[in-house]
Structures are given as C-alpha cells and as structure tokens.
Amino acid sequence: GIQVEQSPPDLILQEGANSTLRCNFSDSVNNLQWFHQNPWGQLINLFYIPSGTKQNGRLSATTVATERYSLLYISSSQTTDSGVYFCAVESTAGNKLTFGGGTRVLVKP
Amino acid sequence: KAGVTQTPRYLIKTRGQQVTLSCSPISGHRSVSWYQQTPGQGLQFLFEYFSETQRNKGNFPGRFSGRQFSNSRSEMNVSTLELGDSALYLCASKLAGDDYNEQFFGPGTRLTVL
C-alpha cells in the first residue's frame, strides 16, 4: 500500500517563528488532507489539497502531486498552534485515508 | 450544519467483553469510515461504509465489525476485547462514495480495556 512519511517528527518553535512541515507519499493520490489534532484528540481539517497551493490565515499548503510531496507552512506561530499535525492521503484505489506519523509541534511563549 | 458526532465519548471495558460505538455523519454525507489511533501504530483505517455496504476494510481481525444504517449512521463493534484494543476510535464522513471528497472527523471515542 501507499506509504506516507512526515518530517520532522518533532518541532519546537519560539512564538512568532515560521516553520515548514513536509509530507512525502509513495504513489499517486487523488486526495491529500492536512489535519491538526487538538489535545482532546479531534482531527481538525486544515486543508484539502490534492494539488496546488492554498492559504488560510497564517497557514498555507502546497502539494506537488507529480513529485509526491506536500508542504504545510505555519507563519508567525502562536502557542495555540501547538499540537500534532497529520498529513493523510487517499490513493487512486480510493475510499480510505493513509496517515503519516505526524509532526508534533510545540510553540513556546 | 452539525459536525460528525460519536457516542459514547469515553468507555471503560474489561478483557473479553464486547463494545459498540456509534457515529452519526454530517447531514447529507453518505460515506462513513472508522479509524483506530494508538501510540504505537498511529492512525489506521478500519473500514468504510457507503449505502449500507462495506466497501473497504483495513487489516484488522474479524473481532472488529461494523454496519451502516439507511440514514447513514454507522456502528462498529469489537468483540472479545483485548488490552491492545485500548485506543481512540475516530469516525469520519464524506459527501459521496465514488468521488475523492474531503473527509471530516468526529471527536472520537476513547476506549480503555482493563
């Protein structure tokens, strides 16, 4: 099956810093989503981005499907950005998401 | 529009028991998927239902089963619970079955097996 790798596994930032999270996947995909998992476990949708670039406030994401990677940018980080960020892909076989291992982000005040 | 809801939110069971978890998708969504999250294995796909039919299944033993009702609500059942079944169980819904639509997750059910 498709493999999804996220890097770095852990990230410690000072409030106000910028950062880039990476997601590599091993095969063609029809869907790619980025999530933020809150402390209570719920996955919050950040981006649905099988290709191209999107921005939402201080967050933006880019997926280069032909090169099989996606990037999530966090600008001017805030302590509320802390948590685990997951990338998940749906392969051409469809109907299930395969998740990466996540990037644990800690933003210090 | 209400989001995906899951009940119960927390559950404590003992080994050998069985458990049923419930998921109500976003109104109009017809596909429901279940995922298990553990510290060791991460987030893993259990199964997906569309129009009351299981369309895809992950690599889990037969003790894990599910179903979907005509109103798209779904339940999953785990029989003969083992300690390793302790996990956060997440349900997700999406609009249609054949399109590669965005999935939305519920708050999860945290199951502890003692």
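A. Fine view of the environment of Gly42 of chain B. Residues and elements named next belong to chain B. Take Gly42: it is sitting in strand E5 (residues 42-50). Assessed through its relative accessible area of 26%, Gly42 is described here as partly exposed. For Gly42 and Val113, which are 71 residues apart along the polypeptide, the C-alpha to C-alpha distance reads 18 Å. Beyond its immediate sequence surroundings of up to four residues, Gly42 is in contact with Gln36 and Gln37.

B. Structural context of the side chain of Ser72 of chain B. All names here are of chain B. Along the chain, the position of Ser72 falls in the loop between strand E7 (64-68) and strand E8 (74-78). Residue Ser72 is classed as buried on the basis of its relative accessible area, which comes to 13%. Excluding residues within four positions of it along the chain, Ser72 makes contact with Pro25, His29, Arg30 and Val32.

C. Focus on the nonpolar core. Ranked by size, the top nonpolar core spans 22 residues in total, and within it Leu21, Phe25, Trp34, Phe47, Leu72 and Val89 of chain A carry the most contacts. Those elements that provide at least two residues to this core are strand E2 (10-14), strand E3 (19-25), strand E4 (29-37), strand E5 (43-48), strand E7 (59-64), strand E8 (69-74), strand E9 (83-91) and strand E11 (103-108) of chain A. The contact partners of Leu21 of chain A, leaving out residues within four places of it in the chain, are Ser7, Leu11, Trp34, Ser70, Leu71, Leu72, Ile74, Tyr85, Thr103 and Val105 of chain A. With 21 residues, the next largest nonpolar core counts Val4, Leu21, Val32 and Val113 of chain B among its residues.

D. Fine view of the interface of chain B and chain A. Taken together, the 21 residues of chain B in the interface contact 20 residues of chain A. Across the chain B/chain A interface, buried area totals approximately 1,700 Å², and carbon plus sulfur atoms make up 48% of it. One salt bridge connects Glu90 of chain A with Lys94 of chain B, and the closest N-O pair in it is separated by 3.5 Å. Along the contact surface separating chain B from chain A lie seven residue pairs in polar contact (both at pLDDT 80 or more). For the side of chain B that touches chain A, the residue count by class is nine nonpolar, seven polar and five charged.

E. Region of interest: the packing of aromatic side chains. Counting across every chain of the model gives nine aromatic pairs over all chains. For the pair Phe35 of chain A and Phe105 of chain B, a centre-to-centre distance of 5.3 Å together with 90° between the ring planes defines the contact as edge-to-face. One end of the pair, Phe35 of chain A, is in strand E4; the other, Phe105 of chain B, is in strand E10 (residues 104-105), on a second chain. The exposure classification of Phe35 of chain A matches that of Phe105 of chain B, with both residues buried. When the centroid spacing of 6.1 Å and the interplanar angle of 85° are considered together, the rings of Phe86 of chain A and Phe99 of chain A count as edge-to-face. With Phe86 of chain A in strand E9 and Phe99 of chain A in strand E10 (residues 98-99), this pair connects stretches of sequence that are 13 residues apart. Residue classification places Phe86 of chain A among the buried residues on the basis of a relative accessible area of 6%. Accessibility expressed as a relative area gives 8% for Phe99 of chain A, which makes it buried.

F. Spotlight on the sheet that holds strand E1 (residues 5-7) of chain B. Residue and element names in this part refer to chain B. With antiparallel pairing, four strands are arranged side by side in an open sheet as E1-E3-E8-E7. Edge positions in the open sheet fall to E1 and E7, since each of these has one partner strand only. Strand-to-strand twist across the sheet, computed as the mean angle between neighbouring axes with direction ignored, equals 20°.

G. Quick peek at unusual backbone geometry. Here the residue pair Ser7 of chain A and Pro8 of chain A is connected by a cis peptide bond, since its omega of -10° sits within 30 degrees of zero. With respect to the element layout, Pro8 of chain A can be found in the loop between strand E1 (4-7) and E2. Residues Thr7 of chain B and Pro8 of chain B are joined by a peptide bond in cis, for which omega reads -10°. Within the element layout of this structure, Pro8 of chain B appears in the loop between E1 and strand E2 (10-13). The residue Ser51 of chain B is not glycine, and still its phi comes out positive at about 50°. By secondary structure assignment, the location of Ser51 of chain B is in the loop between E5 and strand E6 (53-57). Classification of Ser51 of chain B by relative accessible area gives partly exposed; the value is 37%. Positive phi, close to 70°, is recorded for Glu52 of chain B, a residue that is not glycine. Here Glu52 of chain B is to be found in the loop between E5 and E6. Among the residues examined, Glu52 of chain B registers a relative accessible area of 48% and is labelled partly exposed.

Quick notes on the rules
Residues numbered from 1 in each chain as written. Chains lettered and ligands numbered in written order. Predicted model: local features only at pLDDT ≥ 70, side-chain atom pairs only at ≥ 80, totals over all residues. Heavy atoms only, no water. Helix = DSSP H or I, 4+ residues; strand = E, 2+ residues; numbered from the N terminus. Buried < 20%, exposed > 50% of the residue type's maximum accessible area, 1.4 Å probe, protein only. Contact = heavy atoms within 4.5 Å. Core = buried A, V, L, I, M, F, W, Y, C linked by side-chain atoms within 4.5 Å. Buried area = accessible area lost by both parts, 1.4 Å probe. Salt bridge = Lys/Arg side-chain N within 4 Å of Asp/Glu carboxyl O. Polar contact = N/O pair within 3.5 Å; in protein donor to acceptor, adjacent residues only side chain to side chain. Nonpolar A, V, L, I, M, F, W, Y, C, P; charged D, E, K, R; others polar. Phe/Tyr/Trp six-rings, centres within 6.5 Å; stacked < 30°, edge-to-face > 60°. Pairing = 2+ DSSP bridges. Axes fitted to C-alpha atoms, helices over the stretch in contact; angles between N-to-C directions.

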